[in-house]
Structure formats: C-alpha cells, structure tokens
Amino acid sequence: QVQLVESGGGLVQTGTSLRLSCAASGRTSSRDTMGWFRQAPGKEREFVAAVRWNNVVTSYADSVKGRFTISRDNAKNTVYLQMNSLKPEDTAVYYCAAGGVASPYYSDYRQYDYWGQGTQVTVSS
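Being a predicted model, the structure only gives us computed values, none of them experimental.

Caption draft 1: Region of the structure containing the overall build of the chain. The helix and strand inventory of the chain stands at zero helices and 11 strands. Ordering the α and β elements of the chain from the N terminus gives β-β-β-β-β-β-β-β-β-β-β. Here the C-alpha atoms of the chain give a radius of gyration of 13 Å, agreeing with the 14 Å that 2.2 N^0.38 yields for 125 residues. The principal-axis extent of the C-alpha atoms belonging to the chain is close to 40 × 25 × 25 Å. Evaluated residue by residue, the chain yields a buried proportion of 41% over its 125 residues. Sequence-distant contacts in the chain: of pairs separated by 6 or more residues, those separated by 24 or more amount to 58%. Put simply, the chain shows about 6,500 Å² of open surface, and 45% of that area lies on carbon and sulfur atoms.

Shown next as structure tokens:
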C-alpha cells in the first residue's frame, strides 16, 4: 500500500548539514505518522524522529534533539529530516518509516508498517 524512497544521504564533514528526503506513495491513511530511524553497523536500530500528518506533533531522540528537524510536505508526499551540526556518531543508514502510529509509540520501530531501503549518511571525523 505504501512505498518509501529515501534520498539525500552522503559523505559530509563534522559540523555540516544534510537534508534527507523520503518520497512516499500509497494510501495516506497508512502513513499518518512518518518516522526516521537509523542503524549503524553492529548497532541496534535507533529512533531518530517522527512527525504526525499535521506537522504539529513531533518526537525526537535525545541524541538529535536541537540538531535535527523533521517535517513533512503532504502536498509533495515527502517527509524531510534536516540534520545540522552533524557528528561522526550520526553515521548510519537512515530509514524512512510510515504507519498509523500514535503517541507514545513513535520510537517503537515495531509500530511502523512500511519502510524504505535506507540512505547512507557518513560524517567524517
């Protein structure tokens, strides 16, 4: 029902910025909540941020709060993750996810129904 395609990853320097995009298609009712997760090699999947359809309700992991901003443009069927002040520890594959997720489950990857294939973000030391 829903397809997600991430883009915008790349190799950047510490302290710089990067914006990830996730293009979504399919039923909007199945993607009321859009989230970003990341996974570094040998690490568990980690919640990054989530946003509800109205762009009002957002949630962030403590590790990215104040540096990252999630937003969505429903007219373009796209969710964004603006990443500022990047650190080497931000290096990971970033995944876009979608589902009918509500508080307090935004950080629980099991609550999301659809996933993109990921985009690599590498932050050099």
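Caption draft 2: Structural context of unusual backbone geometry. A cis amide bond links Ser-103 to the next residue, Pro-104, at an omega of 10°. By the secondary structure assignment, Pro-104 is in the loop between β9 (92-99) and β10 (114-115). Phi at Asn-77 is positive, roughly 55°, even though this residue is not glycine. By the secondary structure assignment, Asn-77 is in the loop between β7 (68-73) and β8 (78-83). Of note, the phi angle at Ser-85 is positive, near 50°, even though the residue is not glycine. Residue placement: Ser-85 occurs in the loop between β8 and β9. For Ser-85, a relative accessible area of 41% translates into the label partly exposed.

Caption draft 3: A look at the pairing of strand β3 (residues 18-26). Relative to β3, strand β1 (residues 2-7) runs antiparallel, the two sharing six bridges. Pairing of Val-2 across the sheet is with Gly-26, part of β3. With six bridges joining them, β3 and β8 adopt antiparallel strand pairing. What sits directly across from Ser-21, in β8, is Tyr-80.

Caption draft 4: Region of the structure containing the side chain of Thr-78. Tracing the chain through its elements places Thr-78 in strand β8. Judged by relative accessible area, Thr-78 falls into the buried class, the value being 13%. One polar contact links the side chain of Thr-78 to the main-chain carbonyl oxygen of Lys-76, over a distance of 2.9 Å.

Caption draft 5: Structural detail: the nonpolar core. Counting 34 residues, the largest nonpolar core has Leu-4, Met-34, Trp-36, Leu-81, Met-83 and Tyr-94 as the members making the most contacts within it. At the level of secondary structure, the elements contributing two or more residues to this core comprise β1, β3, β4 (33-39), β5 (46-52), β7, β8, β9 and β11 (119-124). If we skip the residues at most four places from it in the chain, Met-83 touches Thr-16, Ser-17, Leu-18, Leu-20, Arg-67, Phe-68, Tyr-94 and Val-121.

The rules behind each value
Residues numbered from 1 in each chain as written. Predicted model: local features only at pLDDT ≥ 70, side-chain atom pairs only at ≥ 80, totals over all residues. Heavy atoms only, no water. Helix = DSSP H or I, 4+ residues; strand = E, 2+ residues; numbered from the N terminus. Rg over C-alpha atoms; globule rule 2.2 N^0.38 Å. Buried < 20%, exposed > 50% of the residue type's maximum accessible area, 1.4 Å probe, protein only. Contact = heavy atoms within 4.5 Å. Areas by Shrake-Rupley, 256 points an atom, 1.4 Å probe, with all protein chains shown as cover. Pairing = 2+ DSSP bridges. Polar contact = N/O pair within 3.5 Å; in protein donor to acceptor, adjacent residues only side chain to side chain. Core = buried A, V, L, I, M, F, W, Y, C linked by side-chain atoms within 4.5 Å.

As far as function goes, none of this settles anything; it's purely spatial.
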